[in-house]
Amino acid sequence: NRVNFFGERVVTLSDALDTDPATRIKALTSCQGATLAKLSKEHIKSLADNSIVAKPKEGQELFVEGDDIQYLYVLARGIYKMFQKVDGKEFLLGTISGAGQIVGERDFLASKAHSTTLVAETEGTAIAIPAHAVEDLLTKKEDV
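## Some details on the overall build of the protein
In terms of regular secondary structure, the protein is built from five helices and nine strands. From first element to last, N terminus to C terminus, the protein shows the α and β order β-α-α-α-β-β-β-β-β-β-α-β-β-α. When contacts within the protein are restricted to residue pairs at least 6 apart in sequence, those whose partners lie at least 24 apart make up 76%.

Below, the structure written as structure tokens:
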């Protein structure tokens, strides 16, 4: 059982998954980040077909600093707080809100473990794209 920054037990993401394809495609096509916004409909569909919809509850971690990257997240709904440890102390780096924000991409592209922790401040929705699906797209698609 994992505990969040506030000492509360958190539910795992596997307890809050949904597989509605329309939700995934809508969130990916409304992405504000240049990384996904320039993809073709075919590429978006490919990512959507491989993704899941995570519905984190308040206080639930989407990813934890130091963990291997399993997913890139496109935030569709909710407010999230990003934390990082410095000299053993937790620091709030910022609050993220707004549909279409991509999180986790910098560490993914650098092939590093997560350098921050992302916690849902409110109930939310995030499209979780498996890292292997993004890797496949980047290595197999010439026009990306």
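Further notes follow.
## What to know about the pattern of salt bridges
Evaluation of the coordinates by the stated rule reveals two salt bridges. Of the charged contacts in the structure, one is a salt bridge between K81 and E121, with a shortest N-O distance of 3.0 Å. Taken together, the positions of K81 in strand β5 (residues 79–86) and E121 in the loop between β8 (117–120) and β9 (125–130) put the pair 40 residues apart, joining distant regions of the chain. A relative accessible area of 31% places E121 in the partly exposed class. Between D107 and K112 there is a salt bridge whose closest N-O contact spans 4.0 Å.

## As for the packing of aromatic side chains
Following the criterion strictly, the structure yields two aromatic pairs and no others. Joined through ring pairs, the aromatic side chains of F63, Y71 and Y73 make up one cluster.

## A closer look at helix α3 (residues 41–50)
For α3, every residue scored as buried is listed here: H43, I44, L47 and A48. Along the axis of α3, the buried positions cluster into a sector of 135°, meaning they face one direction only. Those residues of α3 that are exposed and angled more than 90 degrees off the buried face are K41 and E42.

## Digging into the sheet that holds strand β3 (residues 61–63)
Taken in spatial order, the four strands of this open sheet run β3-β8-β5-β6, and their pairing is antiparallel. Whereas interior strands pair on both sides, the edge strands pair on one side only; in this sheet they are β3 and β6 (89–97). Sheet twist, expressed as the average angle between the axes of neighbouring strands with direction ignored, equals 30°.

## Regarding the side chain of T117
Relative to the assigned elements, T117 resides in strand β8. At 2.8 Å, the side chain of T117 forms a polar contact with the backbone nitrogen of E65.

## Looking at the environment of T116
In this structure, T116 sits in the loop between α4 (105–109) and β8. The buried category is assigned to T116, whose relative accessible area is 8%. Between the alpha carbons of T116 and L93 there is a distance of 8.8 Å; along the sequence they are 23 residues apart. Leaving out residues up to four positions away in the same chain, T116 has contacts with F63, V64, E65, M82, F83, Q84, L93 and D107.

So, how was this worked out
- Residues numbered from 1 in each chain as written.
- Predicted model: local features only at pLDDT ≥ 70, side-chain atom pairs only at ≥ 80, totals over all residues.
- Heavy atoms only, no water.
- Helix = DSSP H or I, 4+ residues; strand = E, 2+ residues; numbered from the N terminus.
- Contact = heavy atoms within 4.5 Å.
- Salt bridge = Lys/Arg side-chain N within 4 Å of Asp/Glu carboxyl O.
- Buried < 20%, exposed > 50% of the residue type's maximum accessible area, 1.4 Å probe, protein only.
- Phe/Tyr/Trp six-rings, centres within 6.5 Å; stacked < 30°, edge-to-face > 60°.
- Arc of directions from axis to C-beta.
- Pairing = 2+ DSSP bridges.
- Axes fitted to C-alpha atoms, helices over the stretch in contact; angles between N-to-C directions.
- Polar contact = N/O pair within 3.5 Å; in protein donor to acceptor, adjacent residues only side chain to side chain.

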